[in-house]
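What follows is each chain in one-letter form.
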Amino acid sequence: MAELGLKAAWARLANWWSPKKPIEERTLWQIGLFKTAFFIPLLLAIISASWIAARLDLPMEPTYVGLNRLFDIYKFPIALFSLALPFTAFIATNHRSAQSAESLKRAELQNSFSNYFTHRKEFFDLLSQLETELKITFSDTGALYQNCFPRNKKSDFNIDPAGLNEYTAQPYLLHLDEEFESVEMKIAYPEVPFTQEKVIEIYGTYSALSDQLFFQVKDGVEINNGAKIGFSNEDPLTHRRLISKVLIQLGRFSDIDCFNARKTHHCTDFDTAARIYFKPENNYHSQESKPIDTPVEG
């Protein structure tokens, strides 16, 4: 019991000497180092003064000469205690600096938290606007945001608008843009005439790109893998234009200027092949239809 009582007393003393609180919540007197800087010079001064008093018989003379003599005798203890002043002043300055740094850190964390949600809201508002304008639906806006800004977190608002490192939206969007441009080249400069298989391949790539952007069209036609794409006789490459507009808007949101300069290519041969493929009598969804194997040339 005595041992337990001693441990409890020691724990209370340790907690009084230096309470376990965040630095910004502790007063100067709750800093253990401050107490050390104050009490050690005081203790040394008391010990040295007691030693002097025990060895000298000093009569009290309440006169100028007597007080001056007393001060001269006790110069050493007084000098010891005076060391507490610069030590405690130095510790007080450091304590204020630590409190200021901690307050600044907390303010930055709060700003990061606020900026994180503000940035996400603006991103989701943009997607909602695109859904209305383009008549599409984003299936997983959170996943798209995470892909675009993988390092951005509540505690670390990091989007790097300049797009200078690997953690920005730039690599993800530029990768999709490269795939998009690759298909554009296949349409603008075909190596072979457009057959049904070639048309399906290109539409399949566009479908995969829209899947990576997590959007689907509300009105469209199905291709051979069951995916729905944007299509009309007036504009067989409706889906391409939807992807292009989504990429451009996401690029602008992420300050990637290269998307703004894109020019979509036009190819009459592909438009013609696509219209033939999606004719009711040729569409593969019709049980009586037959695939088009004849190349379509301009």
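Parameters at a glance
- Residues numbered from 1 in each chain as written.
- Predicted model: local features only at pLDDT ≥ 70, side-chain atom pairs only at ≥ 80, totals over all residues.
- Heavy atoms only, no water.
- Helix = DSSP H or I, 4+ residues; strand = E, 2+ residues; numbered from the N terminus.
- Buried < 20%, exposed > 50% of the residue type's maximum accessible area, 1.4 Å probe, protein only.
- Contact = heavy atoms within 4.5 Å.
- Areas by Shrake-Rupley, 256 points an atom, 1.4 Å probe, with all protein chains shown as cover.
- Phe/Tyr/Trp six-rings, centres within 6.5 Å; stacked < 30°, edge-to-face > 60°.
- Lys NZ or Arg CZ within 6 Å of the ring centre and 35° of its normal.
- Salt bridge = Lys/Arg side-chain N within 4 Å of Asp/Glu carboxyl O.
- Expected span 1.5 Å × (residues − 1).
- Core = buried A, V, L, I, M, F, W, Y, C linked by side-chain atoms within 4.5 Å.
- Axes fitted to C-alpha atoms, helices over the stretch in contact; angles between N-to-C directions.
- Parallel < 35°, antiparallel > 145°, perpendicular 65-115°, else oblique.
- Left-handed = near helix turned anticlockwise from the far one by under 90°.
- pLDDT = per-residue confidence, 0-100.
- Nonpolar A, V, L, I, M, F, W, Y, C, P; charged D, E, K, R; others polar.

**Some details on the overall build of the protein**
Regarding its fold elements, the protein presents 10 helices and 4 strands. Its helices and strands taken in sequence order, the protein reads α-α-α-α-α-β-α-α-α-β-β-β-α-α from the N to the C terminus. Put simply, the protein has 298 residues, and 34% of those count as buried. Long-range contacts, defined here as pairs at least 24 residues apart, represent 64% of the contacts in the protein between residues at least 6 apart. For the protein, the accessible surface area stands at approximately 18,300 Å², while carbon and sulfur atoms represent 59% of it.

**Structural notes on the packing of aromatic side chains**
Note on aromatic pairs: each is described by the distance of the centres and the angle between the planes. As enumerated under the stated definition, the model contains 15 aromatic pairs in all. Ring plane angle 85° and centroid distance 5.0 Å describe the contact between Tyr-116 and Phe-117, whose orientation is recorded as edge-to-face. When its relative accessible area of 37% is taken as the criterion, Phe-117 is described as partly exposed. Measuring from ring centre to ring centre gives 6.3 Å for Phe-149 and Phe-253, while their planes differ by 70°; the resulting arrangement is edge-to-face. Remark: Phe-253 occurs in helix α9 (residues 238-253) and Phe-149 occurs in the loop between α6 (141-148) and α7 (169-188); sequence separation between them is 104 residues. Chaining the aromatic ring pairs together yields one cluster made of Phe-123, Phe-124, Tyr-145, Phe-149 and Phe-253. In this arrangement the basic side chain of Arg-120 is found over the ring face of Tyr-145, its NZ or CZ atom lying 5.1 Å from the centre.

**A short note on the pattern of salt bridges**
Tallying each qualifying case throughout the model produces 6 salt bridges. In this structure, Glu-184 engages Arg-240 in a salt bridge whose closest nitrogen and oxygen atoms are separated by 3.1 Å. Of the two residues, Glu-184 sits in helix α7 while Arg-240 sits in helix α9, which places them 56 residues apart along the sequence. The buried category is assigned to Glu-184, whose relative accessible area is 0%. Asp-235 is paired through a salt bridge with Arg-241; the nearest N and O atoms lie 2.9 Å apart. Given a relative accessible area of 30%, Arg-241 falls into the partly exposed group.

**A short note on α9**
Taking 1.5 Å per residue as the helical rise, α9 with its 16 residues ought to reach 22 Å, and the 23 Å between its terminal C-alpha atoms agrees with that figure. Just beyond α9, the residue with positive phi is Asp-255, at close to 60°.

**Description of the nonpolar core**
Counting 46 residues, the largest nonpolar core has Leu-144, Tyr-203, Tyr-206, Leu-213, Leu-250 and Phe-270 as the members making the most contacts within it. Residue assignment for this core shows that the elements contributing at least two residues are α5 (84-134), β1 (136-138), α6, α7, α8 (196-212), β2 (215-217), α9 and α10 (268-277). Discounting chain neighbours no more than four positions away, the residues touching Leu-144 are Phe-123, Leu-127, Phe-138, Tyr-172, Gln-212, Leu-213, Phe-214 and Leu-250.

**A word on the packing of α8 against α9**
The geometry of α8 relative to α9 is characterised by a closest axis approach of 10 Å and an angle of 30° between their N-to-C directions. Judged on the interaxial angle alone, α9 and α8 are roughly parallel. Our pair here, α8 against α9, has a crossing hand that is left-handed. Where α8 abuts α9, its residues Tyr-206, Ser-207, Leu-209 and Ser-210 lie against His-239, Arg-240 and Ile-243.

**Things to note about the confidence of the model for the protein**
For the protein, the average pLDDT comes to 76, and 73% of its residues sit at 70 or higher. Counted against residues more than four places away or in other chains, residues 161-167, with its pLDDT under 50, gives 10 contacts. Confidence over residues 281-298 falls short of pLDDT 50; this stretch has 36 contacts with residues more than four positions distant or in other chains.

**Brief notes about the packing of α8 against α10**
Here α8 crosses α10 at 100°, and the two axes come no closer than 10 Å. By the angle between their directions, the pair α8 and α10 is classed as roughly perpendicular. Contacts between α8 and α10 involve Gln-196, Val-199, Ile-200, Ile-202 and Tyr-203 from the former and Phe-270, Ala-273, Ala-274 and Tyr-277 from the latter. Of the residues belonging to the contact of α8 with α10, the class tally is 8 nonpolar, 1 polar and no charged.

**Topic: unusual backbone geometry**
In the Ramachandran plot, Lys-135 falls in the positive-phi region, its phi being about 60° despite a non-glycine side chain. Structurally, Lys-135 can be placed in the loop between α5 and β1. Even without a glycine there, the phi angle at Phe-214 is positive, about 60°. Along the chain, Phe-214 turns up in the loop between α8 and β2.

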